[in-house]
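A closer look at the structure
Here is how the chains run, residue by residue.
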Amino acid sequence: MLLFAKSPKGYQQLIEISSRLALSEEITRLESLPSKMEEVIAIALVDSGDFYHTLWSKDLTKAQTLIAHVQTVFPHFYLGVDLNHFAIETHIIPVLKGLHPTVITHQVLYEDHSDSLAYKYVRKILGVDSHIEDDLLNQEEDYDLKTPDTLTAMYREYPEFVRETQAMVDSVDIAFDFDRRILPKYPVPDSHTADDYLRALTHKGLEKRLRLVQKRKKSHEEYRQRLDFELGVIRSMGYSDYFLIVWDFVLYAKKNDILVGPGRGSGAGSLVAYVLGIVDVDPMEYELYFERFLNPERITMPDLDMDFPDDKRDQVIQYVKNKYGQAHVTSIVAFGTYQGKSALRDLARVMNVRDIVVDELTRYVDEEQNSIEEFIKHQPDKYQALMCNPEVNQLFSIARKMAGIPKHVSTHAAGIIITDIPITEYVPVQKGLLDMWQTQYEATDLELMGLLKVDFLGIRNLTIIDRVTDLIKEDHGFKIDMYKLPRDDQPTFELLQKTRTIGIFQLESPGMMNLIRKMQIRNFDDIAACIALFRPGPMENIPQFLRRRNHEEKIEYLHPDLEPILSLTHGIIVYQEQIMQIANVFAGYSLGEADVLRRAMSKKKESVLVEERERFVNKCAEKNHAPALSNQIYDYIVKFANYGFNKSHSVAYALVAYWMSYLKANYPNYFMTVLMDFAIGSQVATANYMQECRKMGIHILPPRINQSHKTYKVEGNHLRYPFLGIRNIGQQVAEKLEVMKAEGPFLDFIDFMRRGRELNTNVIESLIMVGAFDDFSESKQTLMENHRQIAQSLNLEA
């Protein structure tokens, strides 16, 4: 049967049915449904099944009994015919006319008639119709979406079917509200509201932050005023529960020794987030603006994306799921789609196009864009030349239609939906990872519906930091508190000035290293500036930035008001927040208005720019600025509007880069140990990191059976090569060797062979050849010639 929602309640009932089926609960009988589906339209197709056999035999009594049975669950029930695709015996039609309301159910498999061939090839690729021969592929079919007028003409001999179909369609009354915001509730303690509880927590957190660092750019009173302003905006938008929910799982992570990233995106501009410990960037210290995150003049959902070590992220998600319940915390489905290269390759496979041709064609599709359309746009002459070949013409024509359609189902990499009531009140679900439910709608649809998505990101760089500090604690007995590191550590800046940034988050690409070498980083702000400048667009400002920084070019400001705003970046707009600050200071915009202006400018739409210019000049006039100067400054802002980078994001990422640089500068052997561990299995990465070790004076000690471990280990200022880095040794064997070593040091090769009877010959020989037994008295040749006889004699002893 086909089921359609007649009303919002009917939609809820469809969600229930779809979720139960997707969670592997069989619904084989009408009686399996929990209640009457009074707001669902049900249509039984008469070309097969019970109704077909009943109508074919003209057993009207049985047919009426069957209809009555269905209507006990689905009161809005119709029979459905598709005369275009199924040749129903003519004697059944008169029976239908007098039996029960019958509607048209024209099957639709693609939108346009020209999509027919592409549809068949996609089914062939997916293995659904792998048996289809080429002559059937080109056979005409008619499964496109018909207009109402076309269907009326097709069924002109059956006007009653047309009338019933129209009446059924007219009875549907359902619409989605895309303006609502569906926010979960935090379980606040008794006698508190979320607003009051958040206020109490933030004021307590502010006092703690202010005590830890006494020397700040702003006064304590300025902090309190900013905090009260942010709380007022959060309260008015109804986001207090959201901040409490994020605070709660961040607190859980920190209490359970799970490193939390210092922030990302515009969320680092929130003082509330800072005093709650959600982020570790002081927005007052770095001139970051809350309006860049939440703007009362531009209502959006809050978006605090959280970073965790990738090996501990799931632990935090499990905590949230256990706290709020499986029905309230769900992962999100993601659909892998065909892109340019994958569409061409998969299609070529079922079209039997030669590999050499496919390799040639996919070279034209840009790696970054991965789009056939972009290839056609930028190389039209080449595309037209290729189209002269019929085989290539058909391949490209069909692949263009495939671009963007789903090819497989997966799970969103980071997003989690948290809801106030069970998720199935909003969307259908299916089985997901981590014993969770997963939505059947993807992230963009869920956000349009107003549901709250929180991104829990697993970040390898945080895992590296976490493991380095764990190793230091193992050897030295103390755990470095990354959140309390001083940001003026000279060894760290010396490391950066030497451009020893291999393995450092954001700073290790060749282009970035070149910028760092020229910058000669002197402080934390320089790291943030590098991260903001080294982006497509802002890169154009790098030469001028460096000339001014190195006093090779004079810095001039259009007005004295701009100097305190731009002096840190040598008179060049590097950050979006600087645009906001200029509009605020020079033209009297509120920061909320300034954020709206910034966004409008970045779109570069001519009509908007003209409109905003007039407003800007008028507001400048209120502050007694001349129109000529105001227009000059407006043009200056527009010039940099596309190049400015989000400073909140840049500062937060700079802090992760600083953390890693600090560890590499002060604990280089531990830092390189963890990097080398991550490189195991990759010859290229291992070689690069070994070269970096040599430059830092760190030696890689050879593998030895009594000194080596599963992974790299620190020995003084050097590293010991691991078992896992040896050919023929995988996880299981490496762990077995660790267990054998736990019994005590091996006395000699025979002692090793006695304890390692289960090890195969390939493992023994690999250990011999890399010198793992070189501390014993025998040579490699002697061991290679005798290990089999030793094994046999030990087995006889056993």
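Residues numbered from 1 in each chain as written. Predicted model: local features only at pLDDT ≥ 70, side-chain atom pairs only at ≥ 80, totals over all residues. Heavy atoms only, no water.

Turning our attention to helix H10 (residues 220–237). In a regular helix each residue adds 1.5 Å, so 18 residues correspond to 26 Å; H10 covers 26 Å between its end C-alpha atoms and thus fits that length. Of all the positions in H10, only Tyr 223, Arg 226, Leu 227, Glu 230, Leu 231, Gly 232, Val 233, Ile 234 and Met 237 are classed as buried. In this fold, the buried residues of H10 make contact with helix H9 (194–212), helix H11 (240–255) and helix H12 (271–275). Where H10 ends, the next residue or the one after it, Gly 238, has phi of about 80°, a positive value. (Helix = DSSP H or I, 4+ residues; strand = E, 2+ residues; numbered from the N terminus. Expected span 1.5 Å × (residues − 1). Buried < 20%, exposed > 50% of the residue type's maximum accessible area, 1.4 Å probe, protein only. Contact = heavy atoms within 4.5 Å.)

This paragraph deals with the sheet that holds strand S3 (residues 76–81). Read across the sheet, four strands follow the order S1-S2-S3-S4 without closing on themselves; strand pairing throughout is mixed. Of all the strands in the sheet, the pair left with one neighbour each is strand S1 (2–5) and strand S4 (102–104). When the angles between neighbouring strand axes are averaged without regard to direction, this sheet yields 35°. Judged from the five bridges that link them, strand S2 (residues 40–45) and S3 form a sheet pairing that is parallel. Note on S3: the bridge partner recorded for Ala 42 is Phe 77. Sitting on the sheet, helix H1 (residues 8–22) touches S1 and S2, and the angle it makes with S1 is about 140°. (Pairing = 2+ DSSP bridges. Axes fitted to C-alpha atoms, helices over the stretch in contact; angles between N-to-C directions.)

Bringing the environment of Gln 506 into the picture now. Of note, Gln 506 is situated in the loop between helix H21 (490–497) and helix H22 (510–519). Among the residues examined, Gln 506 registers a relative accessible area of 27% and is labelled partly exposed. Between the alpha carbons of Gln 506 and Ile 531 there is a distance of 7.0 Å; along the sequence they are 25 residues apart. Other than its neighbours up to four places away in sequence, Gln 506 contacts Met 512, Ile 531, Arg 535 and Tyr 653.

Of the strand pairs in this sheet, strand S6 (residues 329–337) and strand S7 (residues 406–418) are connected by eight bridges, and their pairing is antiparallel. Directly across from Val 329, in S7, lies its bridge partner Ile 418. Bridge analysis of S7 against strand S10 (residues 452–459) gives four bridges, and the strand direction is antiparallel. Residue Ile 416 lies in a different strand from S10, and its bridge partner there is Val 454.

In this section: the pairing of S10. The buried fraction of S10 amounts to seven of the eight residues, a majority that puts the element mostly inside the structure. Sheet topology places strand S5 (residues 306–309) next to S10; four bridges connect them, and they run parallel. Residue pairing for S10: Phe 308 is matched across the bridge by Gly 458.

Take the pattern of salt bridges next. Inspection of every chain in the model, using the stated rule, returns 42 salt bridges. One salt bridge connects Asp 466 with Lys 312, and the closest N-O pair in it is separated by 2.7 Å. With Asp 466 in helix H20 (residues 460–476) and Lys 312 in the loop between S5 and helix H13 (313–324), the pair connects residues that are 154 residues apart, well separated along the chain. Judged by its relative accessible area of 18%, Lys 312 falls in the buried class. Asp 359 is the partner of Arg 345 in a salt bridge, and the nearest nitrogen-oxygen pair spans 3.3 Å. Of this pair, Arg 345 sits in helix H14 (residues 340–351) while Asp 359 sits in helix H15 (residues 355–362); the two residues are 14 residues apart in sequence, bridging distant segments of the chain. Three or more residues joined by partner-sharing salt bridges are found here, namely Asp 257, Lys 312, Asp 466, Asp 470 and Lys 479. (Salt bridge = Lys/Arg side-chain N within 4 Å of Asp/Glu carboxyl O.)

We now examine a nonpolar patch on the surface. Where nonpolar side chains cluster on the molecular surface, the patch consists of Leu 2, Phe 4 and Leu 45 and spans about 220 Å² of accessible area. Along the chain, Leu 45 turns up in strand S2. (Patch = residues over 30% accessible without salt bridge, like charges linked within 9 Å, V, L, I, M, F, W, Y side chains within 5 Å. Areas by Shrake-Rupley, 256 points an atom, 1.4 Å probe, with all protein chains shown as cover.)

The next subject is the packing of helix H27 (residues 591–602) against helix H28 (residues 606–622). One can describe the packing of H27 onto H28 by two numbers: an axis separation of 10 Å at closest approach and a directional angle of 145°. As H27 runs across H28, the sense of the crossing is left-handed. Mapping the contact onto sequence places Glu 593, Leu 597, Ala 600 and Met 601 in H27 and Val 608, Leu 609, Glu 612, Arg 615, Phe 616 and Lys 619 in H28. A class-by-class count of the residues in the contact of H27 with H28 yields six nonpolar, no polar and four charged. (Left-handed = near helix turned anticlockwise from the far one by under 90°. Nonpolar A, V, L, I, M, F, W, Y, C, P; charged D, E, K, R; others polar.)

This part covers the environment of Asn 370. With respect to the helices, strands and loops of the structure, Asn 370 is situated in the loop between H15 and helix H16 (372–378). With 32 residues separating them along the chain, Asn 370 and Tyr 338 place their C-alpha atoms 9.9 Å apart. Apart from the residues within four sequence positions on either side, Asn 370 is in contact with Gln 339, Gly 340, Lys 341 and Val 365. In this structure the side chain of Asn 370 is engaged in a polar contact, spanning 2.9 Å, whose partner is the backbone nitrogen of Lys 341. (Polar contact = N/O pair within 3.5 Å; in protein donor to acceptor, adjacent residues only side chain to side chain.)

Across the sheet, which stays open at both edges, the three strands sit in the order S11-S13-S12 with mixed pairing between neighbours. Edge strands, defined here as strands with exactly one partner in the open sheet, are strand S11 (700–701) and strand S12 (713–715). Here S12 runs beside strand S13 (residues 718–720); their pairing, made up of three bridges, is antiparallel. Across the sheet, the residue bridging to Val 714 is Leu 719, located in S13.

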